[in-house]
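Descriptive structure summary
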Amino acid sequence: VSAELLAEKLSKYIAQINHTYNLTVKEVQLDCDWSLRSKERYFDFIKYFRAQNSYQLSATIRLHQVKYHDRTGIPPVDYGVLMYYNMGRITATGANSIYDRSTALRYLGKLREYPLPLDIALPMFAWGVHSADGQVLNLVGGLTHAEAQAISTLVHTDASDIYKVAEQTYYKGRVWQAGDLIKIEEVSD
């Protein structure tokens, strides 16, 4: 699908939603973790979308796109929303991938240089990282420490954020085997 056709389809879809629910939309936010390979097509899509609509446009911006904006480019929107989360690799036992202060600090110095006005989106979610034998199997959305402590088959380990599955457990449609680990990643206020 060409960037122009995608912009046209999205415009029609938004108009359909607006009509069906009797809405008036003033702004559209585009969320795309573009790469060096996809940035030209994504930016072209934004230009075509803007030409077809009168919405104010914002785009989600990742930390690496701020730090390396000379390479990753600046989307042609009115402003960006900095996604101040998902800062690291999701691992079985490593740092919190949702928010890690030391990782965040490596990017903050470039914020003043970013040529697009930015708002910020902060993490207000938690998840459990389910792993076996050191391999991440899946994420369990919304799983917090409080909820993990209430699951009788989870045993807290010496690591403050990791629980061990004591016996096979069915949780939210998933099977956890004895010995599996559940690492809780959440962000405090």
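This report concerns the structure included in the present document. Treat the numbers as computed from the prediction; the structure is a model and nothing was measured. (Residues numbered from 1 in each chain as written. Predicted model: local features only at pLDDT ≥ 70, side-chain atom pairs only at ≥ 80, totals over all residues. Heavy atoms only, no water.)

Digging into the packing of helix H1 (residues 3–20) against helix H2 (residues 39–52)
- It is the contact of H1 with H2, at a shortest axis distance of 8 Å, that shows an interaxial angle of 45°. The orientation of H1 relative to H2 falls into the category oblique. The two elements H1 and H2 meet at a crossing, and its hand is right-handed. Contacts between H1 and H2 involve Ala3, Glu4, Leu6, Ala7, Glu8, Leu10, Ser11 and Ile14 from the first element and Arg41, Asp44, Phe45, Tyr48, Phe49 and Gln52 from the second.
- When the residues that make up the contact of H1 with H2 are grouped by side-chain class, the tally is 8 nonpolar, 2 polar and 4 charged. (Axes fitted to C-alpha atoms, helices over the stretch in contact; angles between N-to-C directions. Helix = DSSP H or I, 4+ residues; strand = E, 2+ residues; numbered from the N terminus. Parallel < 35°, antiparallel > 145°, perpendicular 65-115°, else oblique. Left-handed = near helix turned anticlockwise from the far one by under 90°. Contact = heavy atoms within 4.5 Å. Nonpolar A, V, L, I, M, F, W, Y, C, P; charged D, E, K, R; others polar.)

Section: helix H5 (residues 101–108)
- Within the sequence span of H5, burial applies to Thr103, Ala104 and Tyr107. Seen from one end, H5 has its buried residues packed into an arc of 100°, which puts them on one side. Every exposed residue of H5 that faces more than 90 degrees away from the buried side is listed here: Arg101 and Arg106.
- Looking at the buried residues of H5, the elements they touch are helix H3 (63–67). (Buried < 20%, exposed > 50% of the residue type's maximum accessible area, 1.4 Å probe, protein only. Arc of directions from axis to C-beta.)

Some remarks on the packing of aromatic side chains
- All chains considered together, the criterion is met by 9 aromatic pairs.
- Ring geometry for Trp34 versus Tyr42: centroids 5.4 Å apart, planes at 25°, classification stacked. In terms of burial, Trp34 and Tyr42 fall into one category: buried.
- On the numbers, 5.4 Å between centres and 65° between planes, the contact of Trp34 with Phe43 is edge-to-face.
- Put simply, the rings of Trp34, Tyr42 and Phe43 touch in pairs and so form one group of aromatic residues.
- The ring of Tyr107 carries Lys67 above its face, with NZ or CZ at 5.2 Å from the centroid. (Phe/Tyr/Trp six-rings, centres within 6.5 Å; stacked < 30°, edge-to-face > 60°. Lys NZ or Arg CZ within 6 Å of the ring centre and 35° of its normal.)

Concerning unusual backbone geometry
- For Asn22, which is not a glycine, the phi torsion comes out positive at approximately 55°.
- Tracing the chain through its elements places Asn22 in the loop between H1 and strand S1 (27–30).
- The backbone phi angle of Asp133 is positive, close to 55°, even though this residue is not glycine.
- Structurally, Asp133 is set in the loop between strand S5 (127–132) and strand S6 (135–141).

Re a nonpolar patch on the surface
- Side chains of Tyr13, Ile17, Tyr21 and Leu23 sit close together on the surface and give an oily, nonpolar patch of about 430 Å² of accessible area.
- With relative accessibility at 48%, the residue Tyr13 sits in the partly exposed group. (Patch = residues over 30% accessible without salt bridge, like charges linked within 9 Å, V, L, I, M, F, W, Y side chains within 5 Å. Areas by Shrake-Rupley, 256 points an atom, 1.4 Å probe, with all protein chains shown as cover. Salt bridge = Lys/Arg side-chain N within 4 Å of Asp/Glu carboxyl O.)

Considerations on the sheet that holds strand S3 (residues 79–83)
- Read across the sheet, 4 strands follow the order S1-S2-S3-S4 without closing on themselves; strand pairing throughout is parallel. Looking at strand neighbours, the two that pair on one side only are S1 and strand S4 (118–121), the edges of this open sheet. Along the sheet, successive strands turn relative to each other by an average axial angle of 25°, direction set aside.
- Judged from the 4 bridges that link them, strand S2 (residues 56–61) and S3 form a sheet pairing that is parallel. Within the sheet, the bridge partner assigned to Ala59 lies in S3 and is Gly80. (Pairing = 2+ DSSP bridges.)

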